[in-house]
Each structure stands twice: as C-alpha cells, then as structure tokens.
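Remarks on the overall topology
For reference, the chains in residue letters:
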Amino acid sequence: MQIFSQPNYDFLRWRWHAIALSLVVIAAGIVLMATRGLPLGIDFSGGSSMVVRFSQDVTLDQVRNAVAALPGEEVVQQFGDPAERRVLIRLPQEEGVEEGAALEQASLRAEQALRSAGLPAFEVDNRELVGPVIGADLQRRGVYATLTSLLAITIYIAVRFRPSFAVGAIAATLHDVLVTLAFLMLFRYDISLNVVAAILTITGYSVNDTIVIFDRVRENLRSRRREPLAQVVNLSVNQTLGRTVITAGTTFLSVLALYLFGGEALEGFAFTMLVGVISGTYSTVFIASAIAIILSNQRGGRRPQAAVAPTAPSGEASERQAGRKPRRARAS
Amino acid sequence: MMKNLKWRIALIAVAIGLAVWAIVPPAEKIKLGLDLKGGVHLVLRVKTDDALKVETDTTVDRLRDSLTRAGVAFTKIEATSPTEFRVEGIQDDAAFRAQSVDAETVYDRTSEAGGYSYRMKPNVVNQLREETVAQALETIERRVNELGVAEPIVARYGPQDQILVQLPGVSDVRRAKEIIRSTARLELRLVEQGPFPSSEAALQAYNNALPPDAEILPGRSEGGGTAGAGSAVYYVVKKVPVVSGNDLRNAQQSLDEFNRPAVAFTLKQDAAVRFGSFTEANLGRGLAIILDGRVMTAPTIQGRITDSGQITGITREEMLDQVITLKSGALPASMDYLEERTVGPSLGQDSIRAGITASLAGLTLVVLFMIFYYRLTGLNAVVSIVVNLLILLGLMAAIPVTMTLPGVAGFILTIGMGVDSNVLIFERIKEELTTSRGVRAAVNAGFDRVWWTIVDTHVSSLIAALLLLQFGTGPIRGFAVTLIIGLLSNVFTAVFVSRTMFELILSRRQQAQALSI
C-alpha cells in the first residue's frame, strides 16, 4: 500500500507562496503578541494558581463572584471533566510583594473568600505559588535553552551537510516555533513550563524531518551531478514524501491521544505539539528546502562543486558508496 | 548467517528479559513524581546575607571591646552593610592598628578621613555564603527526617543560594513549611526590665535612651496561647546572649509544673559551666528564653542552674514543632520560600489514570495504522515499538528516573516518534523493491541506506532533549530524560530488533519473492 505512488509534485514552484503564507501567520502572531503581550503562565510571570474541588456542583460565576473582590485580575476556569467539580483559580503576582511569607498570602486570601461566600465545602487539590525570582529565572533559562538548542542543531547540520542547508533547517525550525506561538496566542493558551518543553521538542522534531530530506538530497547529488540543485531537491522531497507524511501521521495520532485523554494538566503541552507537528511537516516540505535552494542559488547560481562527493565516479559506484558513511560536504 | 541470527535473537531476548525484570512489579519499581503521587515541592532561598551580617556584627563587637579594653580612643564604630563596617575618630593610629590585626585577616581595610572602612574579603564572602547554604541544607535534612516523610528530597537547586525540598504525600503542608523555615535560634539573655505593654512604654522607662547593650524584643503574654494584638508584651533585654543555639545539646517533650506542654532542653558541657556561674551571679533577676527573636518566657532566676531549662506557656502543637526544630539545630540564616507546588493525592490519581488511558489510546492508534498501512511488516514495527517501550520503562526503573506528568507525555511521544525510524526503513525498502533484485537485497539496501539518516535525526533530537534537561526543573527533567532514553533505545529496536525480525522471516523461506509491506 502506498499513499503516493511515484509522487512528482513541483513543490519548489510554490516556494514563494509558502513563504508568504508563513510570513502572514507569523506576522499575525507577532501582532497579537505586541498588542496583547505574551501570555506568560505563572511558571514564568510568578503568581498563584489553585485547583479547588467542590463537594457539590457550583457554577463558575459563583466562584468568580466569590473571588472578585480580591486584588488583581483573577482567572476562573473549569478544570478537567465538569463531573469532577474541579475549578482552577489563578491569581496574579501581587504588586510590590516581597519574597517569602507573602508568597502564600494571595492563595490563602482566596481560600478565605471562597469559604465566606457560602459555597459548598471544598478542598484544595493543587496549589502552585511561584515567586518573581523563580519566574524570572525560568524565563531566562527557557529563552536560553531554546536559542542554544537552535544554535547547536545549526552547527551540527552545517558540519554534517553544508551551511546553506543549516540555515534552511533552522529557518524551518524557527518558523515552527513562531507559527506555534502564533496559534497559542490565537487560542489563548498560556505559555507554561510544559508549553516551552513542547516547543523545545518541536525544534528537535522539525529538524528531524528536514534532515531526512537533506540526507536524501546529499545522496542524490552524488548520482545526479549534472542536474540543477533545485531539481534534485524537489526529487528528494518527493522521494521522502511518503515517510514525511506517515511519520507526521503517527506522531499526530499519539499526540492527539494525549490531547484527548491526557487530562487537563497536559492539554497545553498536547495542543502545542499538535500545532508543531503540522507546522513541522509543512515547513519541512515547503520552507526548509526552499530556503536552502534560495541561499545556494545566491551563492553562484549552480551548486558548488565541493558538494559532490569526490569518490563517486559513476552512478553504480556512488549507489554502493551511499550505503556507507557519507562523506561530509566540504564548504568551498 | 543462521548462527549469527541466533545470537542476535538471544541478545534481544536478554534485553527484554532484563527490562521486564526491572519493571515487575510496576507499582514498586516505577518511581512516581510529586505531580502523580501527591505532595509538596518547595524552593527556598537562604538569606546568606544574614550570616554575613552576624559575622560583621560579631567582628564589630569584638573590636569595640578590645579597643575599649586597650584604652584606644575612637568616636564611632558601626556596621554599614552586612559585609562592611567603619571606624571613625581614631587618635592614635598605631595603637588602633595593633588591635585591628585580627579583623584584617577577614576584612580589607581602606583609609578614610579620620578613620578606616572595612570590607569583607571576596573569598571570605563566598566561603561564608557557601558554608551557610551547606549548613542550612543539613539542618533542613534533619528536620525533614524528623517529620517522618518517606523518600524526601532535599538538595541544592539552581543558583547557589537555593534549596529544593520535595515531600511526597505530606498532608499538612503549612506545618511542614513552618518547621522547615523556622530559624529555631534559641537564646538565653538577661532581662533588664519588663514586661511592658508596648515598645513605647519600654522606651519611656529609659527616658527614650536605651543603654547601648540592650534592646527591646516582643514577648508573649503570660498564660500561653497565641498572643493577640491586645495582649502583646515587650521586654528590654541584653543584646548579648549568655547561651545560644550552638550550646544546645538536646531538646525533648516535657510538662511544666501545671502539667502544661513544655519543651525541656539541656546544654553542652562548657555552656553548662558558663550558665552555672552566670545564674549564680544574677539570682533574682529575669532570664529571657528567646526563640527566633521572640521572648517565649522570662522566669526569675531562683537558684543556680547548670545544664537544663524549659520553654513553657506553649500549645501542644508548638511543643511538637519546637522539639523538632531545636533538636535539628538552628538555621544559620533565615529563609524565604520562592516556589511552592502542592498536588493533592486525588488529582495525582486522576493524572495517572489519564496518562495510562492516553498511552494506551496512542499505542492502539499507532499500531492500527502501522498494520493497516504496512500489513505484516507493520507487525514488525509494532514489535519494535513495544520492545522500545519495555526497554524505556526498564531503564527508568533501573536508573531510576522519576515518572512525572510531562514524563508521561514523553512516553507517548516516544510511541509516535519511535515509529519514525521504522517508517524511514520501510519506505526505503519499498523503493528498493521497485528497482532492485529480490526481497533480500532490498531489505539489506533499505537498512544500510537509512542508517546515517537515522543517526543524524537522532543526534539532532538528542541535542534538543539535552538542552531541555539543562533548562528543566523537576517535571521537565523527567520529560527530557524519558525522551533521551526513548531515543537511544529506539536506535536499538528500530534498527537491530527490526532487522533481526526481517532476517528471521526471510531465513524461513527458500526463495523470498514477495514481502508484505
């Protein structure tokens, strides 16, 4: 069985359309971020959140009214299955509060408010209090980890393949991070620790996909020395299309299971992964190779001589060669 | 060829056997994180400045003493920050320098108009901070052990002055937090005057000019219980304690003469000698028993006391907590809570159930898809996913790696992304089948050609996962470790296990013409 039998789509013809579409999505995300601000969860912004389980049914409005008088802007949400009667209450970082004993003040006051509001009995299932020091520290480390990860992968690809490919792969990955952020903004998810973990996973996953195509390009370059790079890349994208789509499919299926059944606590993570998997597959096919080609073309029109493996005199020999350790494409 | 195959099958069987042996029984072998088991995760910051301040204050006191004793004139000596102090109005420079030699081993001196300013040497500052955190860590460990929590974690965390405390299954979080944090600095000091109803009244008794060696401390009203605003009392006490926390040998539960809860404490040998002569010299005066800057009781000294004392007028809960904190020793500095995450056991249970449901659903979907799409060869992929998951769980149990909620996500991702290598190989075999000569050659070519692709993809994923490990706190680390182990064992299952299965199937047939793929 085969999804695509002998696929031969001209992906590269659409490269400018694809880049334009992606830019629109990313721009929309950036506009949302600029106008609304990045919706940092309490992991990064500091503040308190608590999950309260009531013994009898309550409406969210009842809970909202109970905590309305507290300082700052509270968020009250259903947490998980309504039958569990769990409600998530998030309280902002209090202004000018010092570290220390004050950390739990907001949540204690919220508990007090719920108790005096005449709501049914409840117990606190989960309480998270994050001080500004920890939040700022995590913010720094999150940004640092994402950027270092991108840089390390770029270097690896530049060494294993060639610099223009590294730029293509990293552009595709950065694209996925930005598109995912745009969708998180659009669907109003908070940037929590788990979401950042998912974004970092996406960087690995997206590059994964791209590397499979680049590996094929490298292999094909050995046997098709006379063809223009664009044609070889397009052929490689087509040859690996089945694998790209199936892998995206299986990853999507497992993340979908996580999204549907994994529970409230992992929902943000699963949503981020869902968007990231789709964006990662799209960027692999349309963005990564397009940018690699655009960059290669700018540097001389035809592909550089040095990219050809020196010990591949004929097609037959190069096929055997391809099975073993591939030689590094040396930069000219 | 056949012999080779047998060895490979044996190796795979051993790997599976070891993994199963490591996992069974899962409830005992797989360690669950706080987010699944319930409990509290705390991050504290040790205010190391406190310890520096103590060092500077002590140095200032000692220098003032020795200057006074040696009759060296100066107008003022005071601490200006936790690490700095200043001496002003020195007449006889040579005589002063003779007294300040000691201080200058720890502090750097700079000349100022009519005096000197001193700043603690940077290496001393670092060393003191380091010691303070290490000491705080030990003290917290002892207290946590006294609390009787199973499998607690107390460890250094992130930047140098932070400490992580994880207490699984603790129900009374507030009490645990108080016990961990209370400085438990016990001091016995002589009472100058008191009690007074307010600090203003205390000040007025001295015409608003306290003697330089005394200070006002809050106390608690007689009769015990928590002191409300109305019943607050204040004492004027000496600044220098006769006995401090370091002199304490032991503390235990006790009762006072009215059968009310009390904490009895005993002193170390040398402190007992000092305390004996002190009480003898101060018969009839008040002795303040001060805990964390608060006068607990201030009994009158009735006779010579050597090595024991009592804290009275407390509730039963206070008694229990104070025994724990006093026994485990005083903290060298006060601490702040930076982060607290509490998960109730019922939420943890629900998360485990959701995690298992999601894993099974993910596995089922992927298995169905692989068999539908690759037919019999799909079974091959299914076996390698299952073996991969077994090895992953086995290694997690053996290392051990704590299973957290994000770890569950890593587990499910391993299911989805793990088949990637299989798909890569299968698709290549399909391609080779159209061009190449026979099934066996196609299978071999398929595996050989994608090997370096698999290496490249795994290395890039590992880079991302390793940085995640660097970035992550508790739960995220669980996710990163799960991903890393999953990636590594995936290379083994997707390449080695899967290839062995192909060869096993092909070896059964004389002339393999078709492959169900």
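This is a predicted model, so every value here is computed, not measured. (Residues numbered from 1 in each chain as written. Chains lettered and ligands numbered in written order. Predicted model: local features only at pLDDT ≥ 70, side-chain atom pairs only at ≥ 80, totals over all residues.)

Side note on the overall build of chain A
For clarity, the cut-off: Secondary structure follows DSSP: runs of H or I at least 4 residues long count as helices, runs of E at least 2 residues long count as strands, and numbering of each begins at the N terminus. Any residue with 12 or fewer other C-beta atoms within 10 Å of its own C-beta is exposed, any with 20 or more is buried, and the rest are partly exposed; the C-beta atoms used are placed from the backbone.
When you go through chain A residue by residue, the secondary structure sums to eleven helices and four strands. Here chain A holds 332 residues, and 47% of them are scored as buried.

A closer look at the overall build of chain B
Quick note on the threshold: Each radius of gyration is computed over the set of C-alpha atoms, and the globule rule expresses the reference value as 2.2 Å times the number of residues to the power 0.38. We call two residues in contact if the C-beta atoms placed from their backbones are at most 7 Å apart.
Scanning chain B for helices and strands turns up 14 helices and 17 strands. Computed over its C-alpha atoms, the radius of gyration of chain B comes to 35 Å, more than 25% above the 24 Å expected for a compact globule of 517 residues. Here the C-alpha coordinates of chain B stretch approximately 110 × 60 × 40 Å along the principal axes. Counting every position in chain B, which comprises 517 residues, the buried fraction comes to 46%. Sequence-distant contacts in chain B: of pairs separated by 6 or more residues, those separated by 24 or more amount to 72%.

Points about the interface of chain B and chain A
Selection criterion: In this classification, Asp, Glu, Lys and Arg are treated as charged, Ala, Val, Leu, Ile, Met, Phe, Trp, Tyr, Cys and Pro as nonpolar, and every other residue, Gly included, as polar. For two strands to be treated as a pair, DSSP must find at least two bridges joining them.
Listed per partner, the contact involves 58 residues of chain B and 62 residues of chain A. Mapped onto the side of chain B that touches chain A, the elements with two or more residues apiece are β1 (39-46), β17 (335-343), α11 (345-398), α12 (405-435), α13 (439-471) and α14 (474-508) of chain B. The biggest single contributor to the side of chain B that touches chain A is α13 of chain B, with 17 residues. When the residues that make up the side of chain B that touches chain A are grouped by side-chain class, the tally is 33 nonpolar, 14 polar and eleven charged. Inspection of the sheet shows strand β4 (residues 122-130) of chain A paired to β17 of chain B by five bridges, in the antiparallel sense. If you follow L129 of chain A over to β17 of chain B, its bridge partner there is E340 of chain B.

Examining unusual backbone geometry
Of note, the amide linkage connecting V24 of chain B to P25 of chain B takes the cis form, showing an omega dihedral of -10°. Omega for the peptide link from I399 of chain B to P400 of chain B comes to -10°, which places this bond in the cis form. Following the sequence through the fold, P400 of chain B ends up in the loop between α11 and α12. A positive phi angle, close to 55°, is found at R188 of chain A, a residue other than glycine. When you line up the elements, R188 of chain A lands in the loop between α6 (163-186) and α7 (193-223). At R375 of chain B, a position not held by glycine, the phi torsion is positive, near 55°. Summarising the element assignment, R375 of chain B is placed in helix α11.

What about the sheet that holds β17 of chain B?
For the record, the criterion: The axes are straight lines fitted to the C-alpha atoms, using for helices just the contacting stretch, and the angles between their N-to-C directions are given from 0 to 180°.
Read across the open sheet, the eight strands follow the order β2(A)-β3(A)-β1(A)-β4(A)-β17(B)-β1(B)-β7(B)-β6(B); overall the sheet is antiparallel. The strands lining the two open edges of the sheet, one partner per strand, are β2 (75-78) of chain A together with β6 (153-156) of chain B. Recorded for the sheet is a direction-independent mean angle of 20° between the axes of neighbouring strands. Sheet topology places β6 of chain B next to strand β7 (residues 162-168) of chain B; four bridges connect them, and they run antiparallel. Opposite V154 of chain B, over in β7 of chain B, you have V165 of chain B as the bridge partner. Against the sheet, helix α6 (residues 122-147) of chain B makes contact with β1, β6, β7 and β17 of chain B, and its axis sits at roughly 10° relative to β7 of chain B, the strand it touches most. Those strands touched by α11 of chain B are β1 (47-54) and β4 of chain A together with β17 of chain B, and its axis lies near 85° from that of β4 of chain A.

Considerations on the environment of V24 of chain A
Within the element layout of this structure, V24 of chain A appears in helix α1 (residues 15-36). Residues V24 of chain A and V179 of chain A, spaced 155 residues apart in sequence, show a C-alpha to C-alpha distance of 9.8 Å.

What to know about the confidence of the model for chain B
Residue and element names in this part refer to chain B. We count it as follows: How sure the predictor is of each residue is captured by pLDDT, a score from 0 to 100.
Per-residue pLDDT for chain B averages 85, and the proportion of residues at 70 or more is 96%. In the model, residues 223-230 has pLDDT below 50 throughout and makes nine contacts with residues more than four positions away in sequence or in other chains. In the predicted complex, the global pTM is 0.78; the interface-specific ipTM is 0.81.

Remarks on α1 of chain A
The following threshold applies: Residue count minus one, scaled by 1.5 Å, sets the expected span of a helix.
In this model, α1 of chain A (22 residues) spans 31 Å end to end at C-alpha, consistent with the 32 Å of a helix rising 1.5 Å per residue. Two residues or fewer after α1 of chain A comes G37 of chain A, characterised by a positive phi angle close to 85°.

A look at the confidence of the model for chain A
On average, chain A scores 81 in pLDDT, and the residues at 70 or more come to 85%. For residues 300-332 of chain A, every residue scores under 50 in pLDDT, and the model assigns this stretch 44 contacts once sequence neighbours within four places are set aside.

Quick word on the environment of P197 of chain B
Mapped onto the elements, P197 of chain B comes out in the loop between β8 (186-196) and α8 (199-204). When the C-alpha atoms of P197 of chain B and V233 of chain B are compared, they prove to be 4.9 Å apart, with 36 residues separating the residues in sequence.

Points about α7 of chain A
Its 31 residues place the ends of α7 of chain A 46 Å apart at the C-alpha level, agreeing with the 45 Å of an ideal helix rising 1.5 Å per residue. The element α7 of chain A is largely enclosed, with a buried count of 29 among its 31 residues.

Things to note about the sheet that holds strand β4 (residues 107-112) of chain B
Across a sheet, paired strands are connected by hydrogen bonds in the backbone, their directions being either parallel or antiparallel. Residues and elements named next belong to chain B. Taken in spatial order, the four strands line up as β2-β3-β5-β4 in an open sheet, and their pairing is antiparallel. The open sheet has two edge strands, β2 (76-81) and β4, and neither has a second partner. Neighbour to neighbour, the strand axes of the sheet diverge by 20° on average, direction disregarded. Strand direction decides the pairing type here: β4 and strand β5 (residues 115-120), joined by six bridges, are antiparallel. Within β5, the residue paired with Y107 across the bridge is M120. Packed onto the sheet, helix α4 (residues 48-70) meets β2, β3 (84-88) and β5 and runs at close to 175° relative to β2.

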